[in-house]
Amino acid sequence: QVQLVESGGGLVQAGGSLRLSCAASGRSFSINAMGWYRQAPGKQRELVAGVTSGGSTNYADSVKGRFTISRDNAKNTVYLQMNSLTPVDTAVYYCSAVGRDYIKNSPFSSWGQGTQVTVSS
């Protein structure tokens, strides 16, 4: 089983920055893609940014130019640098990963437990 552990959330004033981290752990696996999603109260979970093992990235239009996703393949870790934060960015942020579990010899899809990001005005 591949587990994801997030860190880096918190409270920040509008215009500030935060950096989220998500580390994957397990016995024997490979990751194809990792990403960050967020869910604000009363809203559906939405994709914020994603990155493939080859380094290709994609972003939600609402965060382009402000957020940057990056990945350390050697550490199985993905980061989300968030700049120019606004109250609209307030949400629980979830890390996700998809890949292959070699112990189970099957694909996997995992989610982190979520980390709260609150932006005050």
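One structure accompanies this document, and this report is about it. Since this is a predicted model, take the numbers as computed values, not measurements. (Residues numbered from 1 in each chain as written. Predicted model: local features only at pLDDT ≥ 70, side-chain atom pairs only at ≥ 80, totals over all residues. Heavy atoms only, no water.)

## Observations regarding the state of the cysteines
Now for step 1: Following the criterion strictly, the structure yields 1 disulfide and no others.
Now for step 2: One disulfide in the model links Cys22 with Cys95; its S-S distance is 2.1 Å. Handedness here is read from the sign of the S-S torsion; for Cys22 and Cys95, about -80 degrees, the answer is left-handed. Of this pair, Cys22 sits in strand β3 (residues 18-25) while Cys95 sits in strand β9 (residues 91-101), and the two are 73 residues apart along the sequence. Accessibility assignment for this pair places Cys22 and Cys95 in one class, buried. (Disulfide = S-S within 2.5 Å. Helix = DSSP H or I, 4+ residues; strand = E, 2+ residues; numbered from the N terminus. Buried < 20%, exposed > 50% of the residue type's maximum accessible area, 1.4 Å probe, protein only.)

## A few points about the pattern of salt bridges
Now for step 1: Evaluation of the coordinates by the stated rule reveals 4 salt bridges.
Now for step 2: Its salt-bridge partner being Glu46, residue Arg38 comes within 2.7 Å of it at the nearest N-O pair.
Now for step 3: Taking relative accessible area as the criterion, Arg38 reaches 5% and is therefore assigned buried.
Now for step 4: Relative accessible area serves as the criterion here: at 35%, Glu46 is assigned to the partly exposed category.
Now for step 5: Overlapping salt bridges bring together Arg38, Glu46, Arg66 and Asp89 as one network. (Salt bridge = Lys/Arg side-chain N within 4 Å of Asp/Glu carboxyl O.)

Remember, this is a structural readout, not a statement about activity or role.
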